[in-house]
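Residue-level listing of the chains:
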Amino acid sequence: MTTNRKCPICGKPRSAEHTPFCSTRCRDRDLVQWLDDGYAIPGERAPIPTARDEDDI
Ligand SMILES: [Zn+2]
């Protein structure tokens, strides 16, 4: 049985070291795509509005 294992990012033969990718570069690219897909980094939150607005009331 022969399997055609290729890097899903660039299509080059994958490396056993970086499987299923061919290199760390492609692995990082996949990670970036994954992060860009709506994954929020824990600990990084939107700035909380200051209580200064209450003085306007
Ligand atoms: Zn690749």
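Here is what the cut-offs are and how they apply
Residues numbered from 1 in each chain as written. Predicted model: local features only at pLDDT ≥ 70, side-chain atom pairs only at ≥ 80, totals over all residues. Heavy atoms only, no water. Donors = N, O, S within 2.8 Å, 3.2 Å for Na, K, Ca; no water. Tetrahedral: all angles 85-135°; square planar, octahedral: opposite > 155°, others 65-115°. Helix = DSSP H or I, 4+ residues; strand = E, 2+ residues; numbered from the N terminus.

Attention now moves to the coordination of the zinc ion. Here the zinc ion is held by Cys-7 (SG), Cys-10 (SG), Cys-22 (SG) and Cys-26 (SG), and the distances to it run 2.3 Å. Bound by four donor atoms, the zinc ion shows angles of 103 to 119 degrees at the metal and therefore tetrahedral coordination geometry. The sequence pattern describing where the donors of the zinc ion fall on their chain is C-x2-C-x11-C-x3-C. Separated by 16 residues along the polypeptide, Cys-10 in the segment before helix H1 (24–36) and Cys-26 in helix H1 bring together distant segments of the chain.

A cis geometry characterises the amide bond from Thr-19 onward to Pro-20, with omega recorded as 5 degrees. With respect to the helices and strands, the residue Pro-20 is situated in the segment before H1.

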